[in-house]
Structures are given as C-alpha cells and as structure tokens.
Amino acid sequence: MSTSSPSSMSIQELAFQSEFYIGLGLAISSSVFIGSSFIIKKKALIRMTRVGAVRAGSGGFGYLKEWIWWAGLICMGVGEAANFAAYAFAPASLVTPLGALSVIVAAVMSSKFLNEKLNLLGKLGCFLCIIGSVIIVIHSPKEVEVEDLDILLDKLQDTSFLIYVLVIISVSLMIAVYFGPRFGHSNVIFYVLLCSSIGSLTVMSCKALGLCIRDVITGRSQDFSTAMPYILIITTVIFIGIQMNYLNRALDIFNTSIVTPVYYVIFTTLVIVASAILFKEWRHMSASDVIGDLCGFFVVIVAIVLLNAFKDMDVALSDVRGITRPKRQLLEQGNQMDEILIGQQKHTYGTNELERRI
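Criteria and cut-off values
Residues numbered from 1 in each chain as written. Predicted model: local features only at pLDDT ≥ 70, side-chain atom pairs only at ≥ 80, totals over all residues. Heavy atoms only, no water. Helix = DSSP H or I, 4+ residues; strand = E, 2+ residues; numbered from the N terminus. Buried < 20%, exposed > 50% of the residue type's maximum accessible area, 1.4 Å probe, protein only. Areas by Shrake-Rupley, 256 points an atom, 1.4 Å probe, with all protein chains shown as cover. Phe/Tyr/Trp six-rings, centres within 6.5 Å; stacked < 30°, edge-to-face > 60°. Core = buried A, V, L, I, M, F, W, Y, C linked by side-chain atoms within 4.5 Å. Contact = heavy atoms within 4.5 Å. Expected span 1.5 Å × (residues − 1). 1 Å grid on protein atoms, 1.4 Å probe; cavity = no way out; pocket = protein on both sides within 12 Å on 5 of 7 lines; lining within 4 Å. Points joined across faces, edges and corners; volume = space filled by probe spheres on them. Axes fitted to C-alpha atoms, helices over the stretch in contact; angles between N-to-C directions. Parallel < 35°, antiparallel > 145°, perpendicular 65-115°, else oblique. Left-handed = near helix turned anticlockwise from the far one by under 90°. Nonpolar A, V, L, I, M, F, W, Y, C, P; charged D, E, K, R; others polar. Patch = residues over 30% accessible without salt bridge, like charges linked within 9 Å, V, L, I, M, F, W, Y side chains within 5 Å. Salt bridge = Lys/Arg side-chain N within 4 Å of Asp/Glu carboxyl O.

## Let's talk about the overall build of the protein chain
Thinking step 1. Along its length, the protein chain carries 13 helices and zero strands.
Thinking step 2. Taken from the N to the C terminus, the helices and strands of the protein chain come in the order α-α-α-α-α-α-α-α-α-α-α-α-α.
Thinking step 3. A buried classification covers 39% of the 358 residues belonging to the protein chain.
Thinking step 4. Approximately 20300 Å² of the protein chain is accessible, and the part contributed by carbon and sulfur atoms is 66%.

Written as structure tokens, this is what we have:
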C-alpha cells in the first residue's frame, strides 16, 4: 500500500503538469491566430478600397465578398476558441497576460505585409514583451486551480469573491449611469475601466464554462445534464456584449494607441486580482515566484506602452548611434545646425523686408 501511494501521486502531478503545458500551448497559439487575423482582415479591407468599394467605416459591407476577409474571421475564431480552451487547463493569471503576444504578432506582420513602419521603440517593445511573457511563464502558478465544476461552484460562493463581484457591478453601474455620460468623452479611463471590470468577470465565467466542456469531453462528469452550464453560457454572452459595447465606445472616441495599453493594463490587473481572490493561487506560490510574476507583468506593460503610445515617432537606430558620438562632433554638428537656422532666418527676414518696401 505504501509503495503504490507515491506512484499514484506522481501520476497525478504529471497530469497536472501536462494540463498546464496544454493551456500554455493553447494560449500562445491563440495569440498567434488572433494577431494574424487582424492583418489578414486588414489586407481584405485594403483590397476593397483599391477597387473603389464603399469602405467599412462608411457603412459598406463589400468585404463580405472577399475570401481573404473570411479567412481572417476564421483565423480569429480559431484563436478565440483556443484562448477559451486555455482557461480550462491553465491559470487565468497566466493565460490573460500572454494575450499581449497577439500585439507582437500583429505589429511584426503589419511591418512585413502592410508596410507599416515599426520604429526602434516598437522593436524594443516586442523584445520586452517576449522577455516579460517568459518571466510570467516561469513564475506563474503550476498547481491545478480547480479539479471540477463542483469545486469551482463552492469557490464562487466564497465571501471575498462575492464582495469583489458586488464592487465590480457597483462601479460598472456608476460609470454606465453617471460618470460615463458626463466624463467618458473627455477621459479614457471611464469606459475602459467599465469594460475591463466586466471583462474580469467574463474570464471567470469562461473558466467555469471551459471546465464544463473539458469534463464532458474527458468523461469526468455530465455537467450539461444540469442547468449550470446554460446559465454560464447566458452570463458569458451578456458579459461579452457589455464588454465589447463599451470598448467600441472607447475606441470610437479615443486613439487606439491610447486605448490599447490602458485597456490591457486595467483588464489584466483585474483578471489577476479576481483570479487571486477566487482561486487563492498566490498562497501556494513562493515569494520569489510572486515577485517574478509581478515583474514579468510590469515588463509586458512597458512593452505594450512602447508598442502603441510611441508607434508614430520617427526613432531609428541611427538616432541612438548619433548620441554615442564624441562630444566634440556633437558640438560641431550643433553649431552647423545653428548656422543653417540663422542663415534661413536672415534670408526670410530679408525677403519679408523687401516685400514690405515694395
């Protein structure tokens, strides 16, 4: 009896680890598919513009006749399905931050296929995003969060999580009814905070629904014989509808380069908080893993800001090389620029004076 116990425990631990790596693979593949889908659909829209069709922004639907656009839509559907499945195998605190990899895929592919320039800061952002994602994977919780839906339902009734849900719903209602209509058009934080708050509940709902589907496929239980999976489906659809509605409002009012990093930071932070409250996964992690996980998340935040907030700046490696020149050369170059500017000002002043006399 004593000899069989260690072997059964090792098999159980091996199963947990395999689920973790399955979830990790699904999360990474999801980012690749979703990031690629944006570029594929963009190519279809560009083709429609070239042939003179009415643009989608003006209410046109000509892109529905383009097979490339449908290929992009299918690619996005596969990516979202993989992301949904990843929540059933890996911790939400791992899957959600890895969504930043889709930004890298989109940035690199747009530079390659859409001729959109990726400046030096964008390249540094891509590099930092990869480094931050690796840090998150190394330090993220590896233990199983919940084994089946029954355990998750017990956790959902925990007082601390119910308080979190109450706070999220209260804040969302206040923004939707009062703060959003009054300040939402002048401050990006309100609508983004609302969709991020509801989004954190969406992830928890997707996690529960993913467990139902996983248990049915693997034969662990027949969860769909009860009403709970259908309640989760309705809840998930409602949450996603609210989330997309207010995210579209923010994108319509503000620049994408502002909405994207702010949304990623708030949404991912709230998902990590909700996951920590619901699953209490941080209790099983060492202090070094907690610090490492947070550091990886902060690195990804910096990467997303570099990729989006400064993408229109004309910064190249040659600009950095210029800074490394000796001070003497920099001073001589500065003096030459001053002389050129002074000469231009004198020429402009002389021309204006001549025109005034005439």
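From this point, the discussion proceeds with the structure in view.
## Quick word on the packing of aromatic side chains
Thinking step 1. Applying the stated rule across the entire model yields nine aromatic pairs.
Thinking step 2. Arranged with centres 4.9 Å apart and planes meeting at 90°, the rings of Tyr 178 and Phe 179 form a pair that is edge-to-face.
Thinking step 3. Looking at Phe 179, the relative accessible area reads 26%, which means it is partly exposed.
Thinking step 4. Between Tyr 263 and Phe 267, the aromatic rings sit 5.4 Å apart at their centres with planes inclined by 5°, giving stacked as the arrangement. On the criterion of helical spacing, the pair formed by Tyr 263 and Phe 267 is a turn pair, its members being four residues apart in helix H10 (residues 256-279). Grouping residues by exposure puts Tyr 263 and Phe 267 together as buried.
Thinking step 5. Aromatic ring contacts, followed pair by pair, group Tyr 178, Phe 179, Phe 183 and Phe 190 into a single cluster.

## Considering the nonpolar core
Soluble globular proteins tend to pack their nonpolar side chains together in the buried interior.
Thinking step 1. Core analysis: the largest hydrophobic core is formed by 65 residues, its most contacted members being Leu 94 and Met 204.
Thinking step 2. In this structure Leu 94 touches Phe 20, Leu 24, Ile 136, Val 137 and Ser 140, once residues within four positions along its chain are discounted.

## What about helix H8 (residues 189-218)?
Every α-helical turn comprises 3.6 residues, leaving residues that sit three or four positions apart pointing alike.
Thinking step 1. Counted at 1.5 Å a residue, the expected span for H8 with its 30 residues is 44 Å, and the 42 Å between its end C-alpha atoms agrees.
Thinking step 2. Summarising burial for H8: 24 of the 30 residues are buried, a large majority.
Thinking step 3. Positioned one or two residues after H8, Gly 219 has a phi angle of 80°, which is positive.

## A closer look at empty space enclosed by the protein
Thinking step 1. Under the definition given, this model contains two cavities of 30 Å³ or more.
Thinking step 2. One number sums up the size of the second largest cavity: a volume of about 40 Å³.
Thinking step 3. As for the second largest cavity, its lining consists of Ser 93, Pro 97, Ile 136, Ile 272, Trp 282, Asp 293, Leu 294 and Phe 297.
Thinking step 4. When residues of the lining of the second largest cavity are assigned to their parent elements, the largest contribution, three residues, is made by helix H11 (residues 287-309).

## Description of the packing of helix H4 (residues 101-113) against helix H5 (residues 120-139)
Thinking step 1. Between H4 and H5, the shortest axis-to-axis distance is 10 Å and the interhelical angle comes to 150°. Regarding the angle of H4 to H5, the classification is roughly antiparallel. With respect to the hand of their crossing, H4 and H5 are arranged in left-handed fashion. Two secondary-structure elements touch here, H4 through Leu 101, Ile 104, Ala 107 and Val 108 and H5 through Cys 126, Cys 129, Ile 130 and Ser 133.
Thinking step 2. Among the residues forming the contact of H4 with H5, the class breakdown is seven nonpolar, one polar and no charged.

## Things to note about a nonpolar patch on the surface
Thinking step 1. The grouping of Phe 33, Ile 74 and Val 78 at the surface amounts to a nonpolar patch, some 260 Å² of accessible area in total.
Thinking step 2. Following the sequence through the fold, Phe 33 ends up in helix H1 (residues 4-50).

## Here we look at the environment of Phe 267
Thinking step 1. Take Phe 267: its relative accessible area is 13%, and that puts it in the buried class.
Thinking step 2. Between the C-alpha atom of Phe 267 and that of Ser 200, which follows or precedes it by 67 residues, the distance is 6.6 Å.
Thinking step 3. If we skip the residues at most four places from it in the chain, Phe 267 touches Thr 96, Ser 196, Gly 199, Ser 200, Val 203 and Gln 243.

## Overview of the packing of helix H2 (residues 67-89) against H8
Thinking step 1. Between H2 and H8, the least distance of the axes is 8 Å, while the angle of their chain directions is 80°. When the axis of H2 is compared with that of H8, the two are roughly perpendicular. Seen from H2, the contacting residues are Phe 84, Tyr 87, Ala 88 and Phe 89; seen from H8, they are Val 203, Cys 206, Lys 207, Leu 209, Gly 210, Leu 211, Ile 213 and Arg 214.

## Digging into the side chain of Ser 31
Thinking step 1. Mapped onto the fold, Ser 31 is located in helix H1.
Thinking step 2. Not counting residues up to four positions away in its chain, the partners in contact with Ser 31 are Leu 98, Gly 99, Leu 101, Ser 102 and Val 105.

## Structural notes on the environment of Phe 183
Thinking step 1. Checked against the element boundaries, Phe 183 lands in helix H7 (residues 159-183).
Thinking step 2. The contact partners of Phe 183, leaving out residues within four places of it in the chain, are Tyr 178 and Phe 190.

## Examining the environment of Val 32
Thinking step 1. When you line up the elements, Val 32 lands in helix H1.
Thinking step 2. Separated by 73 residues in the primary sequence, Val 32 and Val 105 have C-alpha atoms spaced 6.2 Å apart.

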